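A closer look at the structure
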Amino acid sequence: MQPLRCVLRVQRALHWGPWASVSRLLLSTCGAHSRLHGTACPGAERQEDGVRKDFSSRLAAGPAFQHFLRNASASEEKPSFPEAEDPPPYLTADELRGRQRKVYLETYGCQMNVNDTEIAWSILQKSGYLRTSDLQEADVILLVTCSIREKAEQTIWNRLRQLKALKTKRLRSRGPLRIGILGCMAERLKEEILNREKMVDLLAGPDAYRDLPRLLAVTESGQQAANVLLSLDETYADVMPVQASPGATSAFVSIMRGCDNMCSYCIVPFTRGRERSRPVASILEEVRQLSEQGLKEVTLLGQNVNSFRDNSEIQFNNAVPTNLSRGFTTNYKTKQGGLRFAHLLDQVSRIDPEMRIRFTSPHPKDFPDEVLQLIGERDNICKQIHLPAQSGSSRVLEAMRRGYSREAYVELVHHIRESIPGVSLSSDFIAGFCGETEEDHLQTVSLLREVRYNIGFLFAYSMRQKTRAYHRLKDDVPEEVKLRRLEELITVFREEATKVNRSSVGRTELVLVEGLSKRSASDLCGRNDGNLKVIFPDVEMEDVASPGLRVRAQPGDYVLVKITSASSQTLKGHGLCRTTLKDSAAQR
Ligand code: 5AD
Ligand code: SF4
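Computed from a predicted structure; not experimentally measured.

Another point: the packing of aromatic side chains. Applying the stated criterion to the full structure yields eight aromatic pairs. An angle of 40 degrees between the planes, with centres 5.0 Å apart, marks the rings of Phe 328 and Tyr 404 as tilted. You can see Phe 328 sitting in the loop between strand 11 (309-310) and strand 12 (339-340) and its partner Tyr 404 sitting in the loop between helix 16 (394-399) and helix 17 (406-419), a full 76 residues away along the chain. One exposure class covers both Phe 328 and Tyr 404, and it is buried. Relative to Phe 367, the ring of Phe 359 has its centre 6.4 Å away and its plane inclined at 45 degrees; by these criteria the two rings are tilted. In terms of burial, Phe 359 and Phe 367 fall into one category: buried. Through pairs of rings, three or more aromatic residues link up here, namely Tyr 265, Phe 433 and Tyr 461. Over the ring of Trp 157 we find Arg 196, and its NZ or CZ is 3.7 Å from the ring centre. The ring of Tyr 332 has Lys 335 lying over it, and the distance from NZ or CZ to the ring centre is 4.4 Å.

Below, the structure is given as structure tokens:
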């Protein structure tokens, strides 16, 4: 379903989150909303008076309620916020356009933020902005931010301090430099950012990127502009992300946004809002286009990919109950119907048999047999599953509200390994969660030893405001203990991963070449099916498709590599031949 129009978005957004509805509306200040609710935006002192007066008078005569009603009844195909050709009454079409101003985008945090950057850029490019990779020549600097841990936010505050100097030193003749905070930190801190760092001109939450041209136009008058409304249906389904590296062999395709799980430590449901899935048809269309462009790998992306549920068409809304993994529960009322992840994965994997399909990040609760079976039987769905455990102690898992015990998790691991022989597993772990004892920690150590993950992401717990843990639990593990436990987990993870990876020595792995190795120009770098980095010499080799012909492998080629050594993070070997995914599967 396409986003509904503005008024509906406002109303629906009110139902979500701990924020009082009034504050949520007031915080979507500037432009339209400031007039509707009688709030003024601070920070107007920077612009010459003439421009400001002209703008302010138009702002005062700004949009009537009718303006939104008009939008509300418009076709669902159109985006929720006015495009350059359709300005709100207080802006001219010209003011909405980028007029060749240069935007510098900087991304922090997870892959979702990389994808969000591509979406934001796609919207701004359409609006007439240019992109620059040179900070010095930027007219607009946008930071796509992360709030998951305190440290991530500290990095942004430090960066803002550096940017302040750039803004102050800027020559008047170049016009003002605008600085914006996008994504999770904008959503979490809202006007606190504007108050704390007066040099920030713009805030846009994860569901407000369509509004960027308008927000930037508002900042032209020297006012601060913010839109931190969360949506129940925004998936940017119609926005084709613009990839930063055009020569890339792989791409991320966003399939859903938000999260309903409410794990007690996690800020994501508060910054990214309710879980919603993008319509299957638009995902398939994007994957088809990427395949036509010659890309060889697609990663389906979302906070909770395997909870995918496309309810966009009435005929999908049957009463089919949801099959969870055995022994798993949800924190929310179980949903029914819709096109589920197994259906999507099936359809996506049929588009191009030479295109590898991955997905991240899933939740262990949504691995019913049909998903596992599909991964097992399709050659181009990678046999790699991210299975975030977070802890090895059932007591801590309960406090985290993960919806499973250690036993249920371990049983799932066995079931996955039986269903998908040779599957590669990765996981996230948090060290030092509220109330974690030494015994709980040792349980996590033992889970790492028992499962033997190929890839691991390990973090020290960082208490986040608004979360259930913040309200109900005590952050009682001292910082030095958290760090010591984290170090221990990292050491154990590495030992085990080295052992698993060493079992690949002597085997032949199918590697998708990404390019030259960063460490040596005489080596190529790529990834095996399990998503592990593989390095091998860039020399001529046989081409399976043209016997007798010797070729040098290029990015996007599949190469069979004989593995000769392994560490906890990398495999090394030598290339045997260039091949195809289909051909190598037939040889197995
Ligand atoms: N502190 C530390 N790690 C966290 N994660 C999520 N919230 C926190 C937090 N408050 C970790 C989890 C999650 C990953 C993306 O980040 O392990 O799976
Ligand atoms: Fe956060 Fe849990 Fe949702 Fe993952 S599943 S985004 S950890 S609340």
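Moving on, there is more to tell.
Following both chains from N to C, one finds helix 13 (residues 280-292) and helix 14 (residues 341-351) inclined at 25 degrees, their axes separated by 9 Å at the closest point. Judged on the interaxial angle alone, helix 14 and helix 13 are roughly parallel. Remark: the crossing between helix 13 and helix 14 carries right-handed chirality. On helix 14, the residues touching Val 280, Ile 283, Leu 284, Val 287, Arg 288 and Ser 291 of helix 13 are His 343, Leu 344, Gln 347, Val 348 and Ile 351.

Take the site of ligand 2 next. Near ligand 2, the surroundings consist of Cys 259, Asn 261, Met 262, Cys 263, Tyr 265, Cys 266, Val 268, Pro 269, Gln 303, Asn 304, His 363 and Arg 402. For the shell around ligand 2, the residue count by class is seven nonpolar, four polar and one charged.

Now for the packing of helix 17 against helix 18 (residues 438-451). Two elements in contact, helix 17 and helix 18, have axes separated by 12 Å at closest approach and are oriented at 10 degrees. One way to sum up the angle between helix 17 and helix 18 is to call them roughly parallel. Residues Arg 406, Tyr 409, Val 410, Val 413, His 414 and Arg 417 of helix 17 form the contact with helix 18, whose own contacting residues are Gln 443, Ser 446, Leu 447, Glu 450 and Val 451. A breakdown of the residues in the contact of helix 17 with helix 18 according to their chemical character gives five nonpolar, three polar and three charged.

Thresholds, definitions, all that
- Residues numbered from 1 in each chain as written.
- Chains lettered and ligands numbered in written order.
- Predicted model: local features only at pLDDT ≥ 70, side-chain atom pairs only at ≥ 80, totals over all residues.
- Heavy atoms only, no water.
- Phe/Tyr/Trp six-rings, centres within 6.5 Å; stacked < 30°, edge-to-face > 60°.
- Helix = DSSP H or I, 4+ residues; strand = E, 2+ residues; numbered from the N terminus.
- Buried < 20%, exposed > 50% of the residue type's maximum accessible area, 1.4 Å probe, protein only.
- Lys NZ or Arg CZ within 6 Å of the ring centre and 35° of its normal.
- Axes fitted to C-alpha atoms, helices over the stretch in contact; angles between N-to-C directions.
- Parallel < 35°, antiparallel > 145°, perpendicular 65-115°, else oblique.
- Left-handed = near helix turned anticlockwise from the far one by under 90°.
- Contact = heavy atoms within 4.5 Å.
- Near = heavy atom within 4 Å.
- Nonpolar A, V, L, I, M, F, W, Y, C, P; charged D, E, K, R; others polar.

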